[in-house]
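So you can see what is in the structure, the chains are spelled out below.
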There are 2 protein chains.
Amino acid sequence: MTKQRAVILEVIRSDMCHHTAEEIFTLAKERLPGISRATVYNNLKVLEAEKLIRRITGDSLSDRYDNSYIPHGHMICEECGGVKDFNLEGFDKMISEAIGSDFNSYELKVRYLCDACKAREGKCG
Amino acid sequence: MTKQRAVILEVIRSDMCHHTAEEIFTLAKERLPGISRATVYNNLKVLEAEKLIRRITGDSLSDRYDNSYIPHGHMICEECGGVKDFNLEGFDKMISEAIGSDFNSYELKVRYLCDACKAREGKCG
DNA sequence: AATGGTTTTTAGACTCATTCTAAATTAATT
DNA sequence: AATTAATTTAGAATGAGTCTAAAAACCATT
């Protein structure tokens, strides 16, 4: 665990946002001005392999990172792009039965309209 | 519906594979040698907006396309990369309840080890 | 079947996230 | 301290996807 890797992990754990690699790079640079982009990418891979973080793909152009490796759902507002976590009771068992096998992990993204954007619907401005 | 768009749709519907844009481009070119990559990308967007196909993101470097717009799960073998479809009975209702709202669509990917790769595990060669 | 207007296609340039590379640095081990 | 292995760095390279501007196809109306 180098100091670069520690800072990257701290950045990811410092809030509940799902940051992109670029955002993590910017935040890490505030503490380690010399850190390189490649180091961020390298360590994001290492940290995911160590199951300390989880990569979430396909929400935006760039991948994002979740500070928890434990699988859970992501609900994404189609209007504002905001991402929230949610859990599904008994979901693991349900998947195992559906696919007829154990599994290693899953990724679930639900696209919806969040309350704030729903309230704004149809209004001007 | 131009002839380019028709060919692209036929290519996607011609098998149960989840092709990348590049693969679709190559296959479409066999029938329309003059077709351009940009046309493929444009039409994939149009076809998804029309709910005739569905984009699946994050399985590999490039996006893939499903010949059905109806949401369903994808089970992806971590060893060979093979993708299969599967369905979850009553899943829609389960999600609605979990997120406390209606939703527009979802994407579910499960990573596992397929039977063929499981059988190969630990063997040499 | 010519007209004018809109939509689509095309080729290639462009963007941008991510990966690769090779040299330099750091950490770990003897 | 010397040796080896792992990590970091800067920048080049890759490659999926987007953008652009000009040409072509399509459409509705005379």
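Residues numbered from 1 in each chain as written. Chains lettered and ligands numbered in written order. Predicted model: local features only at pLDDT ≥ 70, side-chain atom pairs only at ≥ 80, totals over all residues. Heavy atoms only, no water.

Colleague: Residues and numbers for the protein's contact with DNA strand D, please.
Modeller: Neighbouring DNA strand D are 15 residues, the closest being T2, Q4, S36 and T39 of chain A together with D63 of chain B. Here, DNA strand D places atoms within 4 Å of the protein, and 78% of those atoms are sugar or phosphate. Within the side chain of T2 of chain A, one N or O atom sits 2.4 Å away from a phosphate oxygen of DNA strand D. Here a phosphate oxygen of DNA strand D sits 2.8 Å away from a polar atom, N or O, in the main chain of D63 of chain B. Of all the elements in the fold, those that place two or more residues in the surface near DNA strand D are α1 (3-13) and α3 (37-49) of chain A together with α3 (37-49) of chain B. (Near = heavy atom within 4 Å. Polar contact = N/O pair within 3.5 Å; in protein donor to acceptor, adjacent residues only side chain to side chain. Helix = DSSP H or I, 4+ residues; strand = E, 2+ residues; numbered from the N terminus.)

Colleague: Let's hear about the sheet that holds strand β4 (residues 73-77) of chain B: which residues, and what values?
Modeller: Across the sheet, six strands lie side by side as β5(A)-β4(A)-β6(A)-β6(B)-β4(B)-β5(B); this open sheet has mixed pairing. Each edge of the open sheet carries a strand with a single partner, namely β5 (83-86) of chain A together with β5 (83-86) of chain B. On average, each strand axis in the sheet is inclined to that of its neighbour by 25°, with strand direction left out of account. In terms of strand pairing, strand β4 (residues 73-77) of chain A meets strand β6 (residues 105-112) of chain A through five bridges, oriented parallel. In the sheet register, M75 of chain A faces β6 of chain A, and the bridge partner there is V110 of chain A. (Pairing = 2+ DSSP bridges. Axes fitted to C-alpha atoms, helices over the stretch in contact; angles between N-to-C directions.)

Colleague: So what about the environment of H74 of chain B? Which residues, and what values?
Modeller: All names here are of chain B. Inspection of the secondary structure assignment puts H74 in strand β4. Residues H74 and T57 lie 17 residues apart in sequence; the distance between their C-alpha atoms is 11 Å. When near neighbours in sequence (up to four residues on either side) are disregarded, H74 contacts H18, I56, D66, V83, K84, D85, F86, L108, K109 and V110. Within the structure, the side chain of H74 is placed 3.3 Å from the side chain of D85, a separation counted as a polar contact. (Contact = heavy atoms within 4.5 Å.)

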